[in-house]
Amino acid sequence: MSSSAEVAPVAALPDAHVAPTEGPSREPKRKGGIGMTIVLALVALFWISPLALLVITALRPLSDFVANGPLAWPQEWTLQNFADAWGVGNFATTYRNSAFLLILKVPLGVLISAMLAFALAKLRLRFGTVIMFAVFLGLTIPIYITIVPVFVLLRTMGAIDTIPGLVGPYLAFGIPFEVLVLQSFFRQLPDELIEAAKMDGAGPWRIFFTLVLPLSTPALVTVFILDAVATWNEFLFALILLSSDANKTIPVGLLNFQGQFSNNNTGLAAGILIAVVPILIAYIFLQRWIVGGLTAGATKG
Amino acid sequence: MGTATLEAPAVDVAAVRRPRRKYGGIHAWLFALPALAVYLIFLVYPALTSLWFSFTDWDGLSPTYNVVGLENYTNMPKDPVVIQALINNIIWTVVTIVFPVVIGLALAMLLNGKVRGKPVLRLIFYTPAVLPLVAIASIWGWLYNPQYGAINEFLNLIGLGGLAQPWLGQDSTALAAVMVPGIWLRVGFPMLLYLAALQGINQDMYEAATVDGATRSQQFWHITMPSLRPAHYIVLALSLIDSFKVFDLIYAMTYGGPGTATQVMGTWMYFNVFQYYQAGYGTAIAVVITVIAIAVSIPYVRSQTKEHAA
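Please read these numbers as outputs of a predicted model, since none were measured by experiment.

Q: Talk me through the overall build of chain A; I want residue IDs and the actual numbers.
A: Across its full length, chain A holds 14 helices and zero strands. Secondary structure elements of chain A occur, N-terminal to C-terminal, as α-α-α-α-α-α-α-α-α-α-α-α-α-α. Taken across its 301 residues, chain A has 50% of its residues classed as buried. Sequence separation of at least 24 residues holds for 78% of the intrachain contacts in chain A that already meet a minimum separation of 6.

Q: Describe unusual backbone geometry, listing the residues and the values that go with them.
A: Following B:Gly257, the chain continues to B:Pro258 via a peptide bond in cis, the omega torsion being 0°. Note that B:Pro258 resides in the loop between α13 (248-253) and α14 (265-274). Notably, A:Asn90 is not glycine yet its phi reads approximately 60°, a positive angle. Turning to its location among the elements, A:Asn90 is positioned in the loop between α4 (80-88) and α5 (91-122). The class of A:Asn90 is partly exposed, set by 17 C-beta atoms lying within 10 Å. One non-glycine residue, B:Tyr255, lies in the positive phi region at around 60°. If you trace the backbone, B:Tyr255 turns up in the loop between α13 and α14.

Q: An account of the domain arrangement of chain A is needed here, citing residue identities and associated values.
A: All names here are of chain A. Domain parsing of chain A yields domain 1 (32-78) and domain 2 (85-300). Placing a centre on the C-alpha atoms of domain 1 and another on those of domain 2 gives a separation of 33 Å. Broken down by secondary-structure element, the contributors of at least two residues to the side of domain 1 that touches domain 2 are α2 (34-58) and α3 (62-68). Of all the elements, α2 adds the most residues to the side of domain 1 that touches domain 2, at four residues. Partitioned by chemical class, the residues of the side of domain 1 that touches domain 2 number six nonpolar, one polar and one charged.

Q: Describe the interface of chain B and chain A, and please don't skip the residues or the numbers.
A: Counting residues at the interface gives 95 residues for chain B and 97 residues for chain A. For the side of chain B that touches chain A, a count of residues per class yields 64 nonpolar, 21 polar and 10 charged.

Q: Any details on α4(A)? Residues and values, ideally.
A: Residues separated by three or four positions in an α-helix point in the same direction, a consequence of the helix having 3.6 residues per turn. All names here are of chain A. All buried positions along α4 are accounted for by Asn81, Phe82 and Ala85. All buried residues of α4 fall inside an arc of 95° around its axis, so they share one side. Those residues of α4 that are exposed and aimed more than 90 degrees away from the buried face are Ala83 and Gly87. Note on α4: the residue one or two positions beyond its end, Asn90, has a positive phi of about 60°.

Q: How would you summarise the confidence of the model for chain B if you had to cite specific residues and measurements?
A: All names here are of chain B. Of all residues in chain B, 92% attain a pLDDT of 70 or more, and the chain-wide mean is 89. Long-range and interchain partners of residues 1-19, a stretch whose pLDDT sits below 50, account for 14 contacts in this model, where long-range means more than four residues apart. Here the complex is predicted with pTM 0.87, and the ipTM for its interfaces comes to 0.87.

Q: Mind laying out the nonpolar core, listing which residues take part and the relevant values?
A: With 182 residues, the main nonpolar core has A:Leu116, A:Phe118, A:Ala119, A:Ile272, B:Ala32 and B:Tyr194 as its most contacted residues. Of the residues forming this core, the biggest block, 15 residues, is contributed by helix α8 (residues 163-188) of chain A. Residue assignment places this core across two domains, with domain 1 (32-78) and domain 2 (85-300) of chain A each supplying three or more. In this structure B:Ala32 touches A:Leu116, A:Ala119, A:Leu125 and A:Ile131, once residues within four positions along its chain are discounted.

Q: Requested: an account of the environment of B:Ser62, with residues and values cited.
A: In this fold, B:Ser62 is placed in the loop between α2 (25-53) and α3 (71-75). Sequence separation of B:Ser62 and B:Pro230 is 168 residues, and the distance between their C-alpha atoms is 51 Å.

Q: Outline the confidence of the model for chain A, supporting the account with residue identities and numerical values.
A: Residue and element names in this part refer to chain A. Scored by pLDDT, chain A has a mean of 86; 87% of the residues are at 70 or more. Per-element mean pLDDT across chain A ranges from 38 in helix α1 (residues 14-22) up to 96 in α5. With pLDDT under 50 throughout, residues 1-29 is counted as low confidence; its partners more than four residues away or in other chains account for 62 contacts.

Q: Explain the packing of helix α7 (residues 147-157) of chain A against α2(B) to me, and be specific about the residues and the numbers.
A: Packing of α7(A) against α2(B) leaves a shortest axis separation of 7 Å and a crossing angle of 110°. Classed by the angle they form, the pair α7(A) and α2(B) counts as roughly perpendicular. Note that α7(A) runs across α2(B); the crossing there is right-handed. Across the interface between the two elements, A:Val148, A:Pro149, A:Val150 and A:Leu153 of α7(A) pack against B:Phe42, B:Pro46, B:Thr49, B:Ser50 and B:Phe53 of α2(B). Taken together, the residues of the contact of α7(A) with α2(B) break down into seven nonpolar, two polar and no charged.

Q: Residues and numbers for the environment of A:Thr162, please.
A: Residues and elements named next belong to chain A. The residue Thr162 is located in the loop between α7 and α8 in this model. The class of Thr162 is partly exposed, set by 16 C-beta atoms lying within 10 Å. Remark: the alpha-carbon pair of Thr162 and Lys248, spanning 86 residues in sequence, is separated by 8.8 Å.

The rules we used
- Residues numbered from 1 in each chain as written.
- Chains lettered and ligands numbered in written order.
- Predicted model: local features only at pLDDT ≥ 70, side-chain atom pairs only at ≥ 80, totals over all residues.
- Helix = DSSP H or I, 4+ residues; strand = E, 2+ residues; numbered from the N terminus.
- Buried ≥ 20, exposed ≤ 12 C-beta atoms within 10 Å, placed from the backbone.
- Contact = placed C-beta atoms within 7 Å.
- Domains from an automatic or database assignment.
- Nonpolar A, V, L, I, M, F, W, Y, C, P; charged D, E, K, R; others polar.
- Arc of directions from axis to C-beta.
- pLDDT = per-residue confidence, 0-100.
- Core = buried A, V, L, I, M, F, W, Y, C linked by C-beta atoms within 7 Å.
- Axes fitted to C-alpha atoms, helices over the stretch in contact; angles between N-to-C directions.
- Parallel < 35°, antiparallel > 145°, perpendicular 65-115°, else oblique.
- Left-handed = near helix turned anticlockwise from the far one by under 90°.

Encoded structure:
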């Protein structure tokens, strides 16, 4: 256990950690092994085949799918499935709800987590170690131990079946991981820097907002993205706390849709794609932050 | 309210302990307060309230309930579904840790060798992990479909049509069929961690070993594996925490069925609370799984705290 500290230097920042992968330094000029590349490419193709099949199926008419089978190359192509699925799946509503939730929850979660992480890393917080232990313990707590009291709590507050009502529980379950990553990042900022700002008469809030946060942009971006993905994908709270169709988020909406479209294979494929495309696009463009954050979060902290 | 009283002693402690002066007292608490308040209200307090509910016969709807002591807990061993759910939970946890860790390590070793297009390959293997679990359940439910599913069709195509079966619809295969996507989505994480760790190993060690005539398998067991020990620890700890909480995938793919063949503690808790109106009993199940989850991950949480507080 104590040995986990040894990994620390590997990955401090997304950059620091992504770089060696493509770094030409280690094996200069030697060409990549063609044989191994082909083997791995085939494995990767196999790995991604469920998604590839999903895309192809979503782009063919149902009649073609039924006539030729799920694995045959389509004879015809169409975009109609997406139009059908969009309407039946109520995706205009669920997209809006998920986006609203994201905007409400993620910036607020990153801010309050960063504040707590700053207090733990750079301020003299009494019982800091106890607080840290209690917060990190939250990583292991399953959501379902809280679900009944949270339901009762939100009903009392009149926040049941509303998107803003989800924000509290979502924040609480996001805090442990965010504090873990941000605290270990803030800790590495040199104390001298903060001392110098203090000499200049800056208070802790000014130090936090004008010094610590700007210097921590990579960690903040990583935490922001990972939190956005987790929020977009969250299922259990949304399933239990939201009841009316007008308030459902993407995962709950997709589940309903799956039931309604179970006999329309091409429409179902289109609906699943509609639900995951934003995540896939975000992942492809932001993957270096996600990869860096996961390895940094795990190896660093 | 509590901040003022807590401030005074903090100053004294610092004066004694450290010459370097940090902002403390009320400022530190103001920074900590918002997150701690949310954490207490929406996580700690509900978890403790669940513990209380687990000692009652509350149905989840009535305004009143009776305290029944440990009855919900003593009833559990008599409930065959709880036994089955616990066994399924253990099978699920072992399988969705062992396979992803072994496959992830193998992929990381291959990707760490002389391979082109590493970023794209890495991207592909991690992709399933970013998808919503409900979407993964939909995709695989669709692949397993007995009528139009691609898996049975594929078996037909390669002449193994005799093996085609309703994978999710029969007791004998349902749990294994749900675990396959569980493995699929979990391979990416260990792969990324091992890849990062492998890149941190000093290459000179391998060269020296080669000069000394060490075989590749000797190098693997005597250089690679020992160097990966910290990574193993983190991968196993985080996988354990994650796998143990399984709910979404099973709920969305099989709804615990057919019958109760794929019930796990999380789903069985859900059914008791929200379908059978036995909130007391359901929360007791949740308490059991939470206590187990905390117990197995305490060493990890402690090591993290120690490291972060250092």
